[in-house]
Amino acid sequence: MIPHIDGKVNRVRHKNRPFGDLPGFCEKRLRASRAGATIKGILVIVGGWSVMQLLEQRILAEGEVKSSEILKVDRFLNHQMDPKLFLAMAEEWKRLFDGCGVNKLVTIEASGIGIAAVAGLVFDCPVVFAKKTKSRNVSDDAYTTVVHSFTHGNDNTIRISREYLSPSDRVLVIDDFLANGAALDGLITLIENAGATVVGAGIAVEKAFQPGGARIRARGYRVESLARVQSMNPETGIVFC
Ligand code: 5GP
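Model, not experiment: these values are computed from the prediction. (Residues numbered from 1 in each chain as written. Predicted model: local features only at pLDDT ≥ 70, side-chain atom pairs only at ≥ 80, totals over all residues. Heavy atoms only, no water.)

A.B. asks: Lay out the sheet that holds strand 6 (residues 127-130) with the relevant residues and their values.
C.D. replies: Taking strand neighbours across the sheet as the criterion, the six strands line up as 6-5-9-10-11-12 in an open arrangement whose pairing is mixed. If you trace the sheet from one side to the other, it starts and ends with strand 6 and strand 12 (237-240), each paired once. Along the sheet, successive strands turn relative to each other by an average axial angle of 30°, direction set aside. On the sheet, helix 2 (residues 51-62) packs against strand 10 (197-207), strand 11 (223-233) and strand 12 and is oriented at approximately 30° with respect to strand 11. Strands strand 9 (170-178), strand 10 and strand 11 of the sheet are contacted by helix 4 (residues 83-96), whose axis makes an angle of about 125° with strand 11. (Pairing = 2+ DSSP bridges. Helix = DSSP H or I, 4+ residues; strand = E, 2+ residues; numbered from the N terminus. Axes fitted to C-alpha atoms, helices over the stretch in contact; angles between N-to-C directions. Contact = heavy atoms within 4.5 Å.)

Below, the structure is given as structure tokens:
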């Protein structure tokens, strides 16, 4: 389906495999570590690419910079979805948050759901998504908060039924984009109102020139973004951090 990784995802290398066959980028990291730098675990490699490089390449090849603030990735993330890419991303979050006791993933509809559902398979835990509309089949007994939508420009009351969050939960938040941080703030509020613990956030694309990531990290939350955009422009393209 997608030329970059089709058929290659089986070559995802896990951290418990021998180091000897690790290619490219990962080997550079190992060399750096032998030279005295520290590395944390072994990067997940897909067909010779780290997941971060893979996502950056997909963004460069198939993304569209609509404006200096909006990146369109409908070909593989937000409309048509590439589950093999999602799987590789999930493996990387699993590596990063290994040992953190994550027992639940939380995301927000709609674009986070596909990514989080695949991640749920890898983390082997339930996935809950915050709903943006009140429907008859969502219990009134819900945690709620208001979130401003970056893409639609409106405010939504998001909700998660009290049934699906509890104080014993250790939650990893998953989302497709991090911009001003309103969606992530809202999800953190719902989780903490339930008395659950926010272990951190796994984000596909962080637009690091917007303030959300820095602000939420400054509040003490761990945010792991797989691609970080430093700047973008419809004429000149994208620069990654
Ligand atoms: P924030 O709440 O951090 O300002 O924005 C995050 C949410 O807005 C994400 O859930 C995502 O759906 C959407 N979003 C923000 N920036 C972009 C973007 O550049 N492209 C797309 N496709 N969605 C975005």
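From this point, the discussion proceeds with the structure in view.
A.B. asks: Can you explain the nonpolar core? Please cite residues and give values.
C.D. replies: If you look at the biggest cluster of nonpolar residues, it comprises 39 residues, and the most contacted ones within it are Leu55, Ile59, Leu71, Leu77, Met89, Trp93 and Phe123. The set of elements that each furnish at least two residues to this core consists of helix 2, helix 3 (74-78), helix 4, helix 5 (111-123), strand 9, strand 10, strand 11 and strand 12. Examining the composition of this core, we find that seven residues originate from one element, helix 4, more than from any other. Within the second largest apolar cluster, 25 residues are counted, among which are Ala130, Val171, Leu187 and Tyr221. (Core = buried A, V, L, I, M, F, W, Y, C linked by side-chain atoms within 4.5 Å. Buried < 20%, exposed > 50% of the residue type's maximum accessible area, 1.4 Å probe, protein only.)

A.B. asks: How would you summarise the environment of asparagine 78 if you had to cite specific residues and measurements?
C.D. replies: Looking at the secondary structure, you find asparagine 78 in helix 3. Owing to a relative accessible area of 24%, asparagine 78 belongs among the partly exposed residues under this scheme. The spacing of asparagine 78 and glycine 112 is 34 residues in sequence and 8.5 Å in space, taken between C-alpha atoms. The contact partners of asparagine 78, leaving out residues within four places of it in the chain, are Val73, Ser111, Asp176 and Phe177. Here the side chain of asparagine 78 touches aspartate 176 through a polar contact of 2.8 Å, side chain to side chain. (Polar contact = N/O pair within 3.5 Å; in protein donor to acceptor, adjacent residues only side chain to side chain.)

A.B. asks: Which residues make up the pattern of salt bridges, and what values do they have?
C.D. replies: For the structure shown, the criterion picks out 11 salt bridges. With a shortest N-O distance of 2.9 Å, glutamate 62 and arginine 58 are connected by a salt bridge. Linking glutamate 62 with arginine 58, this pair stays in helix 2, spanning four residues, or about one helical turn. In this structure, glutamate 206 and arginine 228 form a salt bridge, with 3.3 Å as the shortest nitrogen-oxygen distance. Here glutamate 206 is found in strand 10, whereas its partner arginine 228 is found in strand 11, with 22 residues between them in sequence. The exposure class assigned to arginine 228 is partly exposed, which follows from its relative accessible area of 31%. Three or more residues are tied together by salt bridges with common partners; here these are Arg58, Glu62 and Asp82. (Salt bridge = Lys/Arg side-chain N within 4 Å of Asp/Glu carboxyl O.)

A.B. asks: Please give an account of the packing of helix 4 against helix 5 that cites residues and values.
C.D. replies: Close contact between helix 4 and helix 5 brings their axes to 8 Å; oriented N to C, the two are set at 55°. Regarding the angle of helix 4 to helix 5, the classification is oblique. In terms of crossing hand, the pair formed by helix 4 and helix 5 is right-handed. Facing helix 4, whose interface residues are Pro83, Phe86, Leu87, Met89, Ala90, Glu91, Trp93 and Lys94, helix 5 presents Gly114, Ile115, Val118, Ala119, Val122 and Phe123. Among the residues making up the contact of helix 4 with helix 5, the classes are represented as 11 nonpolar, one polar and two charged. (Parallel < 35°, antiparallel > 145°, perpendicular 65-115°, else oblique. Left-handed = near helix turned anticlockwise from the far one by under 90°. Nonpolar A, V, L, I, M, F, W, Y, C, P; charged D, E, K, R; others polar.)

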